[in-house]
Amino acid sequence: MVRSVPERDAACAIAQAAAVVGDWWSLLLIRETARGHLRFDALQQELGISRKVLAERLAHLVDAEVLEKVPYQSGPVRYEYRLTDSGRGLLPVLLSMQDWADRWVFGDGSLSGTADEESEQARRVAALTGGRLPRLELPGHRDGELLDPVAPGAKATVLFCYPATGRPSPLPDGWADIPGTVGCTLENRLFRDAYDAFRAAGAEVRGVSTQRPDEQRVFAVEEGLPFTLLSDVDLRLSAALRLPVFRAGQALRLKRAVLVVDRDRTIRHARFPVTDIPAAVAEALTLARG
């Protein structure tokens, strides 16, 4: 049951937020709707929750305007449950919780922009293979236009996620001391230099970071990048795929990963961690040709 806020905490925003989303099932429902599981039966299957509890939690999140009911068929009417603007505003909260658990529950507390091959993060990314990328849009670097991460018309789309480039904004102090952070410019350059080969294979390349589109634009122009950089500043892609992130400079950053997605949105390949950047680019090209 959803708790009411005691009078002594009526003005406390933390208590008010906990009353809306502090319940275990409510948080997991937000997680699943971000992942593209929008219908009652799909949510029940993913969570293993009773129909009664699921109906109660969905009704609460709809009343709280975190989710909205959208009909997808008539006769009888059936609904999908989609995140509202308010609900999408909770995605950074979920990713912060994920980062905290990866670091302090699964890890030893060390700050890292990568992970071990046998880590829970690596298993989560590996499990993406064979799944589908939910439909969503991210702003592109050229003019901020919202774009589907899956490039239209391409046989496959290579999405490479990277933490951040150092231009135009300076990187946080101690950035180079965080494992896995160095190499973002190199990675972009290697994909740039191999871009014609990717296009000859019928594939498109897109880079993804949590930097703003205007920051990405400056870097893309200076480096002469022929492909689009997508901004996941609102963490929609990160939440949809539960991609590994880490916090540095008071911002959540994507850890380096490479995905190959077919035109039907099936994730054919998911590489994490990326410890050898040239090898990861070559591997993606080989898969794009396959």
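Residues numbered from 1 in each chain as written. Predicted model: local features only at pLDDT ≥ 70, side-chain atom pairs only at ≥ 80, totals over all residues. Heavy atoms only, no water.

1. Here we look at the packing of aromatic side chains
In the structure shown here, the tally under the stated rule is 7 aromatic pairs. When the ring of Trp-24 is compared with that of Trp-25, the centres are 6.3 Å apart and the planes differ by 85 degrees; the resulting orientation is edge-to-face. For Trp-24, a relative accessible area of 59% gives the class exposed. Geometrically, the ring pair formed by Phe-160 and Phe-227 is edge-to-face, given 5.7 Å between the ring centres and 85 degrees between the ring planes. (Phe/Tyr/Trp six-rings, centres within 6.5 Å; stacked < 30°, edge-to-face > 60°. Buried < 20%, exposed > 50% of the residue type's maximum accessible area, 1.4 Å probe, protein only.)

2. Let's talk about the nonpolar core
A general feature of soluble globular proteins is that nonpolar side chains tend to end up buried together. Membership of the largest hydrophobic core comes to 49 residues, with the highest contact counts inside it found for Ile-30, Leu-58, Leu-128, Leu-237 and Leu-241. At 5 residues, helix α2 (residues 24-34) tops the list of elements feeding residues into this core. Discounting chain neighbours no more than four positions away, the residues touching Ile-30 are Val-21, Leu-61, Val-66, Leu-83, Leu-90 and Leu-94. Counting 26 residues, the second-largest nonpolar core is a separate cluster that includes Val-158, Phe-219, Leu-285 and Ala-288. (Core = buried A, V, L, I, M, F, W, Y, C linked by side-chain atoms within 4.5 Å. Helix = DSSP H or I, 4+ residues; strand = E, 2+ residues; numbered from the N terminus. Contact = heavy atoms within 4.5 Å.)

3. Some remarks on helix α12 (residues 277-289)
Along its 13 residues, α12 runs 19 Å from first to last C-alpha, staying within 8% of the 18 Å computed at 1.5 Å per residue. For α12, the set of buried residues is Ile-277, Ala-280, Val-281, Ala-284, Leu-285 and Ala-288. Looking straight down α12, one finds its buried side chains confined to an arc of 135 degrees; they lie on one side. Exposed side of α12, more than 90 degrees from the buried face: Thr-286 and Arg-289 are the residues found there. Buried residues along α12 sit in contact with β5 (156-161), α8 (184-193), α9 (195-200), β6 (203-209), β10 (257-262) and β11 (267-271). Where α12 starts, the residue carrying a side-chain oxygen 3.1 Å from the main-chain nitrogen of Ala-279 turns out to be Asp-276. (Expected span 1.5 Å × (residues − 1). Arc of directions from axis to C-beta. Polar contact = N/O pair within 3.5 Å; in protein donor to acceptor, adjacent residues only side chain to side chain.)

4. Let's talk about the packing of α8 against α12
Where α8 contacts α12, the axes come no closer than 10 Å and their chain directions differ by 30 degrees. Judged by the sense of rotation from one axis to the other, the crossing of α8 with α12 is right-handed. Contacts between α8 and α12 involve Glu-187, Leu-190 and Phe-191 from the former and Ile-277, Pro-278, Val-281 and Ala-284 from the latter. Here the contact of α8 with α12 is composed, by residue class, of 6 nonpolar, no polar and 1 charged. (Axes fitted to C-alpha atoms, helices over the stretch in contact; angles between N-to-C directions. Left-handed = near helix turned anticlockwise from the far one by under 90°. Nonpolar A, V, L, I, M, F, W, Y, C, P; charged D, E, K, R; others polar.)

5. Quick notes on unusual backbone geometry
Gly-75 connects to Pro-76 through a cis peptide bond whose omega is 0 degrees. Within the secondary structure layout, Pro-76 lies in the loop between β1 (67-73) and β2 (78-83). For Glu-65, which is not glycine, the phi torsion reads 60 degrees and is therefore positive. Structurally, the position occupied by Glu-65 is in the loop between α4 (51-63) and β1.

6. Considering the pairing of β11
Sheet topology note: the β10/β11 ladder contains 4 bridges and is antiparallel. Looking at the pairing, Val-260 lines up with His-269 of β11. Adjacent in sequence and paired antiparallel, β10 and β11 are bridged by 4 residues, among which Arg-265 carries a positive phi angle near 80 degrees. (Pairing = 2+ DSSP bridges.)

7. Examining the pattern of salt bridges
With the rule as written, the count across this model stands at 25 salt bridges. Put simply, Arg-35 and Glu-32 hold a salt bridge, and the shortest N to O gap is 3.0 Å. The salt bridge involving Glu-46 is made with Arg-35; its shortest N-O contact spans 3.9 Å. Note that Glu-46 is positioned in helix α3 (residues 40-47) and Arg-35 in the loop between α2 and α3, a separation of 11 residues in sequence. (Salt bridge = Lys/Arg side-chain N within 4 Å of Asp/Glu carboxyl O.)

8. Looking at a nonpolar patch on the surface
Together, Trp-100, Trp-104, Val-105 and Phe-106 make up a nonpolar patch on the protein surface, roughly 480 Å² of accessible area in all. The topology assignment puts Phe-106 in the loop between α6 (91-105) and α7 (120-126). (Patch = residues over 30% accessible without salt bridge, like charges linked within 9 Å, V, L, I, M, F, W, Y side chains within 5 Å. Areas by Shrake-Rupley, 256 points an atom, 1.4 Å probe, with all protein chains shown as cover.)

9. Here's the deal with helix α10 (residues 213-223)
Taken together, the buried positions of α10 are occupied by Pro-213, Glu-215, Gln-216, Phe-219, Ala-220 and Glu-223. All buried residues of α10 lie within an arc of 155 degrees about the axis, which places them on one face of the element. Buried residues in α10 make contact with β3 (138-139), α8, β6 and β7 (228-231). Phi turns positive, to about 65 degrees, at Gly-224, one or two residues after α10.

10. As for the pairing of β1
Relative to β2, β1 runs antiparallel, the two being bridged by 6 bridges. Looking at β2, one finds that Glu-68 is bridged to Arg-82. Counting the residues in the hairpin turn of β1 and β2 gives 4 residues, including Gly-75, whose phi is positive at 65 degrees.

11. Some remarks on the sheet that holds β6
If you trace the 5 strands from one edge of the open sheet to the other, you get β7-β6-β5-β10-β11, paired in mixed fashion. The open sheet has two edge strands, β7 and β11, and neither has a second partner. Here the strands of the sheet are splayed against their neighbours by 20 degrees on average, with no regard to which way each runs. Judged from the 6 bridges that link them, β5 and β10 form a sheet pairing that is antiparallel. If you follow Thr-157 over to β10, its bridge partner there is Val-261. Strands in contact with α8 are β5, β6, β7 and β10; relative to β5, the strand with the most contacts, it is inclined by about 160 degrees.

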